[in-house]
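Summary of the model geometry
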Amino acid sequence: MEDIARLFDIHKNTVRSWLKHGLATIDDRRPMLVLGRELSRFLHERRQKAKQSCGPGRIFCIACRAPKVPAEKMADCTATGPLAGSLCGICPDCDRLIYRRVNLAKIDGVRGELEITFTQPRLRLGESDVPSVNCDSSQKG
Ligand SMILES: [Zn+2]
């Protein structure tokens, strides 16, 4: 353990916490020994996890500095290109809109437990046949 701490120039307690988080020792005897390849496996996995902290069903909230499951597990997906889209949800903790860029081809890997509503970016001109409505009733009569 001390060797690892020295090797990475970290505190022994850091190594202890690695052990708690799944770094396997050769056996239960002291001094605790860790295989070099187990250590590199552990560190690699740790890095991968850090990269994927914004996993399925989560959108990173800049304000909270953390990946969040959007409120009500609902998100809107707006296409921004042929294969690109933008997920938009509401941060359950700070009520801000949170966005995540997604690859539409891989949306199922991002979806998680979210209920995603796909929306069109905007109606193209001439596509809408809804007449404009005058809500100003004061002009009547
Ligand atoms: Zn937030």
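**Describing the sheet that holds strand 6 (residues 115–119)**
One open sheet holds the four strands; their spatial order is 5-4-3-6, and the pairing between them is mixed. The sheet is open, and its two edges are formed by strand 5 (97–103) and strand 6, each paired on a single side. Each strand axis lies, on average, 30° off the axis of its neighbour in the sheet, ignoring direction. For strand 3 (residues 74–79) and strand 4 (residues 84–90), the ladder comprises four bridges, and the chain directions are antiparallel. The residue bridging D76 from the neighbouring strand is C88, located in strand 4.

**Quick word on the side chain of R100**
Along the chain, R100 turns up in strand 5. A polar atom in the side chain of R100 sits 2.6 Å from the backbone oxygen of R58. Not counting residues up to four positions away in its chain, the partners in contact with R100 are C54, G55, R58, I59, G85, S86, L87 and V110.

**Some words on the packing of aromatic side chains**
Scanning the entire structure with this criterion turns up two aromatic pairs. Pairing F8 with W18 gives two aromatic rings, centres 5.8 Å apart and planes at 80°, and the pair type is edge-to-face. Taken together, the residues span a long stretch of sequence, with F8 in helix 1 (residues 2–8) and W18 in helix 2 (residues 12–20) at a distance of ten residues. Geometrically, the ring pair formed by W18 and F42 is tilted, given 6.0 Å between the ring centres and 50° between the ring planes. Residue W18 is located in helix 2, and its partner F42 is located in helix 3 (residues 36–51); the two are separated by 24 residues in the primary sequence. Of the residues examined, W18 reaches a relative accessible area of 7% and is grouped as buried. Members of the aromatic cluster, each reached through a chain of ring pairs, are F8, W18 and F42.

The rules behind these values
- Residues numbered from 1 in each chain as written.
- Predicted model: local features only at pLDDT ≥ 70, side-chain atom pairs only at ≥ 80, totals over all residues.
- Heavy atoms only, no water.
- Pairing = 2+ DSSP bridges.
- Helix = DSSP H or I, 4+ residues; strand = E, 2+ residues; numbered from the N terminus.
- Axes fitted to C-alpha atoms, helices over the stretch in contact; angles between N-to-C directions.
- Polar contact = N/O pair within 3.5 Å; in protein donor to acceptor, adjacent residues only side chain to side chain.
- Contact = heavy atoms within 4.5 Å.
- Phe/Tyr/Trp six-rings, centres within 6.5 Å; stacked < 30°, edge-to-face > 60°.
- Buried < 20%, exposed > 50% of the residue type's maximum accessible area, 1.4 Å probe, protein only.

The quantities given are spatial measurements derived from coordinates; they are silent on function.
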